[in-house]
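# Geometric and topological summary
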Amino acid sequence: MKPCPFCQPDSHRVLHEGNLVRVIADGFPVSPGHSLIIPKRHIASYGDLTTSEQSEMWQTLGIMQDRLKKDLTPDAFNFGMNDGQAAGQTVPHCHLHLIPRFEGDLPDPRGGV
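Residues numbered from 1 in each chain as written. Predicted model: local features only at pLDDT ≥ 70, side-chain atom pairs only at ≥ 80, totals over all residues. Heavy atoms only, no water.

### Thoughts on the sheet that holds strand 1 (residues 14–17)
Our working rule: At least two bridges found by DSSP between two strands is the condition for calling them paired. Counting from the N terminus, the helices are the DSSP runs of H or I reaching at least four residues and the strands are the DSSP runs of E reaching at least two. Fitted lines through C-alpha atoms serve as axes, helices being fitted only where they are in contact, and the angles separating the N-to-C directions of these axes extend from 0 to 180 degrees. Here a residue-residue contact requires only that any non-hydrogen atoms of the pair lie within 4.5 Å.
With antiparallel pairing, the 5 strands of this open sheet are ordered in space as 1-2-3-5-4. Two strands close off the open sheet at either side, each with one partner strand: strand 1 and strand 4 (76–80). Neighbour to neighbour, the strand axes of the sheet diverge by 20° on average, direction disregarded. Where strand 3 (residues 35–39) lies against strand 5 (residues 96–101), 3 bridges are found, and the strand directions are antiparallel. Paired with Ser 35 across the two strands is Leu 98, which belongs to strand 5. Here helix 1 (residues 51–72) sits on the sheet in contact with strand 1, strand 2 (21–25), strand 3, strand 4 and strand 5, set at roughly 20° to strand 5.

Written out as structure tokens, the structure reads:
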């Protein structure tokens, strides 16, 4: 079995460390600044996180959104989570995508990326 890439990410990808979650740069970004908000505890599903972990994930999303607004000046953001293999989750460790969006980055951005 392969080790989980989110449990011990490469240090150069870590953008933020909290008590219960960390943020890493996405390995296959769809736009500059594409980040993953990940609980430090290895758990596959959002529904199995503690309320403290869930809360810190959303607080961290706000922190990172503010940082990306300052650093990259995106026009908008997508937030996304695939929870379970049938939903498209490819790494069985809960993670929330934070994707900066830029005017014109897709011909028709409806529905996200």
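After that view of the structure, there is still more to cover.
### Here we look at the pairing of strand 3
This is how it is decided: Note on classification: 1.4 Å probe, protein chains only; a residue is buried when its accessible area is under 20% of the maximum for its type, exposed when over 50%, partly exposed between these limits.
Counted residue by residue, strand 3 has 5 buried out of 5 residues, so it is predominantly covered. In strand 3, alternate side chains face the same way, and those of Ser 35, Ile 37 and Pro 39 on one face and Leu 36 and Ile 38 on the other are all buried. Both strand 2 and strand 3 contribute to a ladder of 5 bridges, which runs antiparallel. Across the sheet, residue Ile 24 finds its bridge partner in strand 3, namely Leu 36.

### Some thoughts on a nonpolar patch on the surface
Definition in use: Nonpolar side chains (Val, Leu, Ile, Met, Phe, Trp, Tyr) within 5 Å and like charges within 9 Å form the patches, drawn only from residues with over 30% relative accessible area and no salt bridge. Surface accessibility follows the Shrake-Rupley procedure with a 1.4 Å probe radius. Residue values consider only the protein chains on display as shielding. Here, a salt bridge means any Lys or Arg side-chain nitrogen found within 4 Å of an Asp or Glu carboxyl oxygen.
A surface patch of nonpolar side chains, amounting to about 250 Å² of accessible area, comprises Val 30, Leu 106 and Val 113. Following the sequence through the fold, Val 30 ends up in the loop between strand 2 and strand 3.

### Some thoughts on the pattern of salt bridges
Throughout the structure, instances matching the rule amount to 5 salt bridges. Across the pair Glu 17 and Arg 22 runs a salt bridge whose closest N-O atoms are separated by 3.3 Å. Among the salt bridges present, the one from Arg 101 reaches Asp 105, with a minimum N-O distance of 2.9 Å. Residue classification places Arg 101 among the buried residues on the basis of a relative accessible area of 7%. With a relative accessible area of 33%, Asp 105 lands in the partly exposed category.

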